[in-house]
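Here are the chains, one letter per residue:
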Amino acid sequence: MKVSIKYCGGCNPAYDRSEIVKRLKSEFAGQLTFEAVDIDQTYDVILVVAGCRSCCADYAKLRSKNGLVFIVSDGDYLKACDLLKKLVRQQIRETEVVK
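Residues numbered from 1 in each chain as written. Predicted model: local features only at pLDDT ≥ 70, side-chain atom pairs only at ≥ 80, totals over all residues. Heavy atoms only, no water.

Participant: Mind showing me how you'd approach the pattern of salt bridges here?
Facilitator: Oppositely charged side chains can pair when the atoms bearing their charge come close. Summed over all chains, the structure comprises 3 salt bridges. Between Lys65 and Asp44 there is a salt bridge, with the nearest N and O atoms lying 3.6 Å from each other. Of this pair, Lys65 sits in the loop between β5 (63-64) and β6 (68-71) while Asp44 sits in the loop between β3 (42-43) and β4 (45-49); the two residues are 21 residues apart in sequence, bridging distant segments of the chain. Residue Lys65 is classed as exposed on the basis of its relative accessible area, which comes to 61%. (Salt bridge = Lys/Arg side-chain N within 4 Å of Asp/Glu carboxyl O. Helix = DSSP H or I, 4+ residues; strand = E, 2+ residues; numbered from the N terminus. Buried < 20%, exposed > 50% of the residue type's maximum accessible area, 1.4 Å probe, protein only.)

Participant: In this structure, what is going on with the packing of aromatic side chains? I would like to understand it.
Facilitator: A ring pair, where both rings are aromatic, is described by two values, the distance of the centres and the angle of the planes. Counting across every chain of the model gives 1 aromatic pair. For Arg23, the ring lying beneath its charged end belongs to Tyr77, and the centroid distance is 3.7 Å. (Phe/Tyr/Trp six-rings, centres within 6.5 Å; stacked < 30°, edge-to-face > 60°. Lys NZ or Arg CZ within 6 Å of the ring centre and 35° of its normal.)

Participant: Got a minute to help me understand the pairing of β4 in this structure?
Facilitator: Note on strand geometry: in a regular strand, side chains alternate between the two faces of the sheet. Within β4, 5 of the 5 residues are buried, which leaves it mostly tucked inside the rest of the structure. Neither face of β4 is left uncovered, since the one carrying Val45, Leu47 and Val49 and the one carrying Ile46 and Val48 both have all their residues buried. Pairing between strand β1 (residues 2-7) and β4: 5 bridges, direction parallel. When the sheet's bridge partners are listed, Val3 is paired in β4 with Val45. Looking at chain direction, β4 and β6 are connected through 4 bridges and run parallel. Each residue of the ladder has a partner; that of Ile46, found in β6, is Leu68. (Pairing = 2+ DSSP bridges.)

Participant: Teacher, can you tell me more about helix α1 (residues 17-27) here?
Facilitator: Three or more residues of α1 are buried, namely Arg17, Ile20, Val21 and Leu24. Along the axis of α1, the buried positions cluster into a sector of 95°, meaning they face one direction only. Those residues of α1 that are exposed and angled more than 90 degrees off the buried face are Lys22 and Ser26. (Arc of directions from axis to C-beta.)

Participant: Got a minute to help me understand the sheet that holds β4 in this structure?
Facilitator: As a general point, the strands of a sheet are linked pairwise by backbone hydrogen bonds and lie either parallel or antiparallel. The 4 strands are arranged β2-β1-β4-β6 in an open sheet whose pairing can be described as parallel. For this open sheet the edge positions go to β2 (33-36) and β6, each flanked by a neighbour on one side alone. On average, adjacent strands in this sheet sit at an angle of 25° to one another, irrespective of strand direction. Contacting β1, β2, β4 and β6, α1 runs over the sheet at an angle of about 175° to β1. (Axes fitted to C-alpha atoms, helices over the stretch in contact; angles between N-to-C directions. Contact = heavy atoms within 4.5 Å.)

Dropping the structure here:
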């Protein structure tokens, strides 16, 4: 399952954006593939990582099968984890059905 990361410009970060992404990558190591966004790709989910509540990242043309997850503060880590865990469980169920 591919997860894309779209960062804002970082002009006014209120928290350590890269630390949040590092924690997510560690939490889901071996389960999800994380990569920088490519506008020509469609991803399973896209994390829009903004440094503040303005969320100025340009995400209008990004494509995702399961939507966008907006991370605008440290508090959004758990929200992102919950969604990613749900997607991993869904993928496991679909794989079991195919077997």
